[in-house]
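Remarks on the overall topology
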Amino acid sequence: MQDLDRALADIVAIRSQIARGTAFRGVGAATLAGTGGLALACAVGQALWLGDPMARPGLFFGLWIAAALAAFLMIGIEAVRRSRRLHSGLADAMVWNAIEVFLPAAGAGACLALVIARFAPGEVWMLPGLWQVLVGLGLFASARILPRAVQAIGAWYLLAGLVVLAVSAGTHALSPWTMGLPFLVGQVWLAAIIHHGARSCDDDH
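What counts as what
- Residues numbered from 1 in each chain as written.
- Predicted model: local features only at pLDDT ≥ 70, side-chain atom pairs only at ≥ 80, totals over all residues.
- Heavy atoms only, no water.
- Patch = residues over 30% accessible without salt bridge, like charges linked within 9 Å, V, L, I, M, F, W, Y side chains within 5 Å.
- Areas by Shrake-Rupley, 256 points an atom, 1.4 Å probe, with all protein chains shown as cover.
- Salt bridge = Lys/Arg side-chain N within 4 Å of Asp/Glu carboxyl O.
- Helix = DSSP H or I, 4+ residues; strand = E, 2+ residues; numbered from the N terminus.
- UniProt positions renumbered as here; feature names shortened; annotations may be inferred.
- 1 Å grid on protein atoms, 1.4 Å probe; cavity = no way out; pocket = protein on both sides within 12 Å on 5 of 7 lines; lining within 4 Å.
- Points joined across faces, edges and corners; volume = space filled by probe spheres on them.
- Axes fitted to C-alpha atoms, helices over the stretch in contact; angles between N-to-C directions.
- Parallel < 35°, antiparallel > 145°, perpendicular 65-115°, else oblique.
- Left-handed = near helix turned anticlockwise from the far one by under 90°.
- Contact = heavy atoms within 4.5 Å.
- Nonpolar A, V, L, I, M, F, W, Y, C, P; charged D, E, K, R; others polar.

Moving on: a nonpolar patch on the surface. On the surface, Leu40, Val44, Leu48, Trp49, Trp177 and Leu181 cluster together into a nonpolar patch covering about 610 Å² of accessible area. Sorting the residues of the nonpolar patch by element identifies α2 (29-49) and α7 (177-204) as the ones contributing at least two each. Assignment of secondary structure puts Val44 in helix α2.

Quick look at the structure:
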């Protein structure tokens, strides 16, 4: 039984190692572009109906958190479906590997929001820029499982976050566009890279 357990553990370790070295194809370009459209819709809706975001920061961030959760759900459902079709027996390992790559940035973003809201509510204007910086870092980390060109998108989010922080520092104001426009550009650009990578892979086959 010990030999069997050891053999099963070795098989799991080998599958995990293979998954870590295999390009992840569970993310579709259309869904990524759709998340960019979702960001634009959220920004337009807030610009038209929310009024001054600083007067209702809870609603402002609540809507963006809801949009982010919807985007994660869209991407997650597709990742599971596509992985089972494209990665076959490695599907579960590939999905968990992708989660491990993005989870630190997502967790840090959630913790930052909680800490700032609880201990420094006057500094909530920093969250849009900080979130974009964290998304950029997550994309840099994902370069080992996604096309290396995603590093350019990581640089975009990093630069956009820093610009948002610099622009907002003078007024400490919130704007739907400092969230909507960077994410629209970033997600549509990312969708284009994923689409090009998928076509290149299909041509190779």
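Okay, the UniProt feature "transmembrane region" (unreviewed entry) in the chain next. Taking the UniProt record as the reference, the feature "transmembrane region" (unreviewed entry) is found at residues 27-49, 61-80, 101-119, 125-143 and 155-174. Its end C-alpha atoms 33 Å apart, residues 27-49 is made of 91% helix and 0% strand. Between the first and last C-alpha atoms of residues 61-80 the distance is 28 Å; the span itself is 100% helix and 0% strand.

So, about the layout of surface pockets. The volume enclosed by the largest pocket comes to roughly 1300 Å³. Along the wall of the largest pocket there are 39 residues; nearest its centre are Ala68, Phe72, Ile75, Ala106 and Val135. Where the lining of the largest pocket is concerned, the elements lending two or more residues are α2, α3 (57-86), α4 (91-119), α5 (127-141) and α7. Sort the elements by how many residues they give to the lining of the largest pocket and α3 lands first, with 11 residues.

A packed helix pair is summarised by two numbers, namely the angle formed by the two axes and the spacing between the axes. Direction vectors running N to C along α5 and helix α6 (residues 150-169) enclose 165°, while the axes themselves pass 7 Å from each other. Classed by the angle they form, the pair α5 and α6 counts as roughly antiparallel. Where α5 crosses over α6, the two elements pack in a sense that is left-handed. Contacts between α5 and α6 pair Pro128, Gly129, Leu130, Gln132, Val133, Val135, Gly136, Leu139 and Phe140 from the former with Val150, Gln151, Ile153, Gly154, Ala155, Tyr157, Leu158, Ala160, Gly161, Leu162, Val164 and Leu165 from the latter. Across the contact of α5 with α6, the residue classes tally to 15 nonpolar, 6 polar and no charged.

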